[in-house]
Amino acid sequence: MPQRTDDLRAARRRFLGGAALAGTAVAASAVSRVALAAVPEAVSQDTAATAAPLQPGTGRPYNPVVTLNGWTLPWRMNGGVKEFHLVAEPVVREMAPGMKAHLWGYNGQSPGPTIEVVGGDRVRIYVTNRLPEHTSIHWHGQRLPNGMDGVSGLTQPAIQPGKTFVYEFVARRPGTFMYHPHADEMTQMAMGMHGMWITHPRDPKRTPGYQSVQRDFCFLLNAFDIEPGSATPKIMTMTEFNLWAWNSRVFPGIDSLNVRRGDRVRIRVGNLTMTNHPIHLHGHEFVVAGTDGGWTPPGSRWPEVTTDIAVGQMRAVEFVADEEGDWAFHCHKSHHTMNAMGHDVPTMIGVDHRGIAAKMGQLIPDYMVMGERGMADMAEMPMPLPDNTLPMMTGKGPFGSVEMGGMFSVLKVRRDQPHGDHRDPGWFAHPPGTRAHEVGAPLPEPVRQGAAGGSVMPPGQPPQPTELRARKPGAGGHAGH
Ligand SMILES: [Cu+2]
């Protein structure tokens, strides 16, 4: 049937062209009846850049999210149903410039694309398995028919390699969700298989707890154990991960969050690592406006600058970005703002290494002394690294190295950032007199506490003899003899 094949090809070209060129979903009218009967084309992404928000061209309107170092999956409307096609497959993910990981993901990247729908949408998701083993997808947090919950063995047979399954349900509850396999979870999640799902409110004004924002960001917390010099995660690792990532990116590979001063900002974070992450924002207070269960009643919120996100949880924090500048935004576990390196390095602060390096150098030409003044030298050290390995702390800021890796980014607040523009405005120019700087004046002698006592341990007290008084059981309260 040459005619039918040509129709299909043309429809596919239109579908792909619309998605790739205009960055918008394709109108259902552009796709022929024949093509609609087929499984929709799977759109793939080949870059880890933050895609511009995908403005909905079809279906109910909504304000799209920005997925940090990610993208939103285009869909097609088919008889009033929103149709998506996810492909589970091995991917190569650049975690930061200079380091690529061999992961498993969806549609070319890890994490998979964000899925954005509107409350009340009927959603049909085709899932094709191009992995070497079976899989399934669980729609974490959703209200849906039990048989669509995606737990292989429990609610459905697993999707075997080469097979395509279809899930269909109505997105009932607005909020922030995730998706991930519920088949060989340990392997597939450790390899980077997960994604975000946003259900926008159908009627924002009548959704309790929901407030419209100018900027709506989302990302997942994930973690990998990839040995320096290699590219594939060790899937048996339970606690000793060495790459703490946001959307399978590590600083300085994580894009900044760029907003206009005065914008109301929402940041949605989902945690699919094996530990909790206290996420901390500088310069502003936020409230937790959304959790796994939906939008929180405004009366239950309190201001925070750090919120802990437990394993399997989602949090949506909101604030008004009313302070200009480059504000650090990071996990507050200090080891989570570092990249891969041996974690068995002894603490050497205060150890005098003079002479050691020269002696060792006669035996081991590349020997270098690490950490006797702290570990900050590591950021500057011209140390030979194995191929495909990031330095432990690598970021470059306008005033020198930013001694971090891992779960770290920057909230950039600018008065002249155009509305709706997500491009990086560059580094902040501090107004004169508003930046910490070196003092040139001579230092006075430090004032010491003069007298012994108070909080100072009195020196030179001779040890006092200790008298031991034993009490015999049942001795009627008499002291020992
Ligand atoms: Cu953390």
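Note that this is a predicted model, so its numbers are computed, not measured.

What counts, and where the lines are drawn
Residues numbered from 1 in each chain as written. Predicted model: local features only at pLDDT ≥ 70, side-chain atom pairs only at ≥ 80, totals over all residues. Helix = DSSP H or I, 4+ residues; strand = E, 2+ residues; numbered from the N terminus. Buried ≥ 20, exposed ≤ 12 C-beta atoms within 10 Å, placed from the backbone. Contact = placed C-beta atoms within 7 Å. pLDDT = per-residue confidence, 0-100. Pairing = 2+ DSSP bridges. Axes fitted to C-alpha atoms, helices over the stretch in contact; angles between N-to-C directions.

Student: Tell me about the overall build of the chain, residues and numbers included.
Tutor: Across its full length, the chain holds 5 helices and 23 strands. In the chain, which comprises 481 residues, the share counted as buried stands at 38%. In the chain, of all internal contacts separated by at least 6 residues, the share reaching a separation of at least 24 is 72%.

Student: With reference to specific residues and values, describe the confidence of the model for the chain.
Tutor: In the predicted model, the chain carries a mean pLDDT of 84, and 77% of its residues have values of at least 70. Within the model, pLDDT remains below 50 along residues 1–29, and this stretch shows 46 contacts once partners closer than five positions in the same chain are excluded.

Student: Tell me about the environment of Asp203, and name the residues and values.
Tutor: Considering the arrangement of structural elements, one finds Asp203 in the loop between strand E10 (195–200) and strand E11 (215–224). Among the residues examined, Asp203 registers 11 C-beta atoms within 10 Å and is labelled exposed. As for Asp203 and Pro174, which are separated by 29 residues in sequence, their C-alpha atoms are 9.9 Å apart.

Student: Give me the sheet that holds strand E15 (residues 277–281): which residues, what numbers.
Tutor: One open sheet accounts for 5 strands, arranged E13-E23-E20-E15-E18; its pairing is mixed. Among the strands making up the open sheet, the edge pair consists of strand E13 (257–260) and strand E18 (306–309). Shown here is a sheet whose adjacent strand axes are inclined to one another by a mean of 20°, direction ignored. For E15 and E18, the ladder comprises 4 bridges, and the chain directions are antiparallel. Opposite His277, over in E18, you have Ile309 as the bridge partner.

Student: Explain the sheet that holds strand E9 (residues 175–180) to me, and be specific about the residues and the numbers.
Tutor: Spatially, E5-E10-E9-E7 is the arrangement adopted by the 4 strands of the open sheet, whose pairing is mixed. Strands at the two margins of the open sheet, each flanked by one partner only, are strand E5 (115–118) and strand E7 (138–140). Recorded for the sheet is a direction-independent mean angle of 25° between the axes of neighbouring strands.

Student: Explain the environment of Leu154 to me, and be specific about the residues and the numbers.
Tutor: Locating Leu154 in the fold gives a position in the loop between E7 and strand E8 (164–170). Separated by 28 residues in the primary sequence, Leu154 and His182 place their C-alpha atoms 9.7 Å from one another.

Student: Explain unusual backbone geometry residue by residue, including any values.
Tutor: Here the bond from Ser110 into Pro111 is cis, since omega is -5°, no more than 30 degrees from zero. With respect to the secondary-structure elements, Pro111 resides in the loop between strand E4 (99–106) and E5. Cis peptide bonds are those with omega within 30 degrees of zero, and the linkage from Phe251 to Pro252 qualifies with 10°. As for its position among the elements, Pro252 is in the loop between strand E12 (243–246) and E13. The phi dihedral of Asn107 is positive, around 50°, even though this residue is not glycine. Owing to 23 C-beta atoms within 10 Å, Asn107 belongs among the buried residues under this scheme.

Student: Could you give an account of the pairing of E9, naming the residues involved and the relevant values?
Tutor: Burial within E9 is extensive, with 6 of its 6 residues counted as buried. Here E9 shows two buried faces, one formed by Gly175, Phe177 and Tyr179 and the other by Thr176, Met178 and His180. Where E7 meets E9, 3 bridges bridge the pair, whose relative direction is antiparallel. Residue pairing across strands places Trp139 opposite Tyr179, the latter belonging to E9.

Student: Can you explain the pairing of E12? Please cite residues and give values.
Tutor: A regular strand carries its side chains on alternate faces of the sheet. What you see with E12 is no split at all: Leu243 and Ala245 on one side and Trp244 and Trp246 on the other are buried throughout. Here 4 bridges tie E11 to E12, and the two strands are oriented antiparallel to one another. In the strand pairing of E12, Asn222 is matched with Ala245.

Student: With reference to specific residues and values, describe the environment of Asp326.
Tutor: Looking at where Asp326 falls in the secondary structure, it is placed in strand E20 (residues 325–331). The residues touching Asp326, leaving out its near neighbours within four places in the chain, are Val410, Lys412, Trp427 and Phe428.

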